[in-house]
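# Reading the structure
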Amino acid sequence: MTSIEAVSRWVCGLIAAATVIFLMTPLIVTAAVSFGSSAVFTLPAPSWSLRWYEALARSRDLWPPVLTSLQLAALSTAIALVLGTLCAIGLLRGDFRGREAVVTFLVSPLMLPGLVIGIAMLEAFRASGLREVWTSLLLAHVVITLPYVVRTVFASLSLFDFTLIDAARTLGLTYPRAILKVLVPSLAPAFLTSGMFAFLASMDNYPISIFFTDAWTKTLPIQMLQYVEESPDPTIAAISTLLILLAIGVLVIGDRLVGLRRMADL
């Protein structure tokens, strides 16, 4: 290894370490504040306590938004997995003009600001006469989770040999059973990965959800913002810490399931 390569590796490592510290510091500070006994955001904490988690457990205003967010995330992810897989298959196997434009259009919610998408969908729903809050939220969350599924499944399908389905049919399987026996297991890692990102994106979405919630139906990010405005104490840090743990848990479980799937394939 030359001196230039050694210096380059050292500089790259330093930049990577600085980036990790820059990204992780806010999360660590938030978690530390949530375990402090002080009623204000103070570090170092005068003493350590679980009082804010206890207050969180006693809160009656928090759990309905949590349940709403979980229901929306689970249902929108399930719908996005079905629609996104069908879209990916149609785009990959179809031969029509404007296919690349359709692919770009389907992933456009990832490129545009959330406020722009929220305003556009609000106007579209009003023009179509849709006023129901829950349905509006569900459709909006499907729109923002669909790109994760389409791009991930599309990339996985591009590596799949569709002649395997024909081979399964020649062995006596019907077309639906061939899909279930051959295609679905091959796409399981893509389903898992895209489903994780779609679920977390739905749980964490604020700029679009704010246009469709009301006083009776709120998602967790909307309730958290309201809580900060009304009573800014470390309870919000406790909520944030639990969301961080949720994201870590989802990613760890997903990684383990993908690993088990690869071992099963071997």
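This text follows the structure it describes.
What comes next concerns the included structure. No experiment lies behind these values; they were computed from the predicted model shown. (Residues numbered from 1 in each chain as written. Predicted model: local features only at pLDDT ≥ 70, side-chain atom pairs only at ≥ 80, totals over all residues. Heavy atoms only, no water.)

## Quick notes on the packing of helix H3 (residues 63-93) against helix H6 (residues 133-157)
The cut-off we apply is this: Helix axes are fitted to C-alpha atoms over the stretch in contact, other axes to C-alpha atoms as well, and angles between N-to-C directions run from 0 to 180 degrees. Secondary structure elements follow DSSP: runs of H or I no shorter than four residues count as helices, runs of E no shorter than two count as strands, and numbering proceeds from the N terminus. Roughly parallel refers to an angle under 35 degrees, roughly antiparallel to one over 145, roughly perpendicular to one between 65 and 115, and oblique to any angle outside these ranges. The hand of a helix crossing depends on one turn: near helix anticlockwise from the far one by less than a right angle means left-handed, and clockwise means right-handed. For this classification, Asp, Glu, Lys and Arg are treated as charged, while Ala, Val, Leu, Ile, Met, Phe, Trp, Tyr, Cys and Pro are nonpolar and the rest, including Gly, are polar.
Contact geometry of H3 with H6 gives a least axis separation of 6 Å together with a crossing angle of 45°. Relative to H6, the element H3 lies oblique. Note on packing geometry: the crossing formed by H3 with H6 is right-handed. Residue classes in the contact of H3 with H6 are distributed as 21 nonpolar, seven polar and no charged.

## Thoughts on the environment of Ala178
To be explicit about the condition: Buried means the residue's accessible area, taken with a 1.4 Å probe over protein chains only, is under 20% of the maximum for its type, while exposed means over 50%, and partly exposed covers the values in between. Contacts: residue pairs with any heavy atoms within 4.5 Å of one another.
Looking at the element boundaries, Ala178 is found in helix H8 (residues 175-204). For Ala178, a relative accessible area of 0% puts it in the buried group. Ala178 sits 19 residues away from Leu159 along the chain, and the two C-alpha atoms are 18 Å apart. Those residues in contact with Ala178, other than ones at most four positions away along the chain, are Ile165, Ala168, Arg169, Leu173 and Leu183.

## Focus on the packing of aromatic side chains
Heads up, the rule is: When two rings of Phe, Tyr or Trp (its six-membered ring) have centres within 6.5 Å they constitute a pair, described as stacked for plane angles under 30 degrees, edge-to-face for angles over 60, and tilted for the intermediate range.
Counted according to the given criterion, the structure contains two aromatic pairs. Ring plane angle 35° and centroid distance 5.0 Å describe the contact between Phe35 and Tyr53, whose orientation is recorded as tilted. Separated by 18 residues along the polypeptide, Phe35 in the loop between helix H1 (3-34) and helix H2 (51-58) and Tyr53 in helix H2 bring together distant segments of the chain. In this structure Phe35 comes out as partly exposed when scored by relative accessible area, which is 32%. When the ring of Phe125 is compared with that of Phe212, the centres are 5.4 Å apart and the planes differ by 50°; the resulting orientation is tilted. Separated by 87 residues along the polypeptide, Phe125 in helix H5 (residues 114-127) and Phe212 in the loop between H8 and helix H9 (220-230) bring together distant segments of the chain.

## As for the environment of Ala73
Relative to the helices and strands, Ala73 is located in helix H3. A C-alpha to C-alpha distance of 9.8 Å links Ala73 and Gly195, two positions 122 residues apart in sequence. Excluding residues that lie within four positions of it along the chain, Ala73 makes contacts with Phe199, Ser202 and Met203.

## Focus on H2
What counts here: An arc is given here, and it is the one of the directions from the helix axis to the C-beta atoms.
For H2, the complete set of buried residues consists of Trp52, Tyr53 and Leu56. Projection of H2 onto a plane perpendicular to its axis shows the buried side chains occupying an angular sector of 100°, all on one side. Facing away from the buried side of H2, by more than 90 degrees, are the exposed residues Ala57 and Arg58.

## What about the side chain of Thr235?
Positionally, Thr235 belongs in helix H10 (residues 235-265). Among all residues touching Thr235, those that are not within four sequence positions of it are Trp52, Ala55, Leu56 and Tyr227.

## With respect to the nonpolar core
To keep things clear, this is the line we draw: Only buried Ala, Val, Leu, Ile, Met, Phe, Trp, Tyr and Cys residues count toward a nonpolar core, and they belong to the same one when joined by side-chain atoms within 4.5 Å.
Residues Val153, Leu157, Phe160, Ile165 and Leu183 are the most contacted members of the largest nonpolar core, which totals 20 residues. If one sorts the elements of this core by residue count, H6 sits on top with six residues. Discounting chain neighbours no more than four positions away, the residues touching Ile165 are Phe160, Tyr175, Ala178, Ile179, Val182 and Leu183.

## Overview of the environment of Ile4
Relative to the elements of secondary structure, Ile4 occurs in helix H1. For Ile4, a relative accessible area of 63% translates into the label exposed. For the pair Ile4 and Leu187, spaced 183 residues apart in sequence, the C-alpha separation works out to 43 Å.

## Structural notes on a nonpolar patch on the surface
To keep it simple, the criterion reads: For patches, a residue must show more than 30% relative accessible area and have no salt bridge; joins then use 9 Å for like charges and 5 Å for nonpolar side chains, namely Val, Leu, Ile, Met, Phe, Trp and Tyr. We get accessible surface area from the Shrake-Rupley algorithm with a probe of 1.4 Å; when it comes to residues, only the shown protein chains can shield them. The working definition used for a salt bridge is a side-chain nitrogen of Lys or Arg within 4 Å of a carboxyl oxygen of Asp or Glu.
Together, Val20, Phe22, Leu23, Met24, Leu27 and Ile28 line one region of the surface with nonpolar side chains, adding up to about 610 Å² of accessible area. Relative to the elements of secondary structure, Val20 occurs in helix H1. According to the relative accessible area criterion, Val20 is partly exposed, its value standing at 49%.

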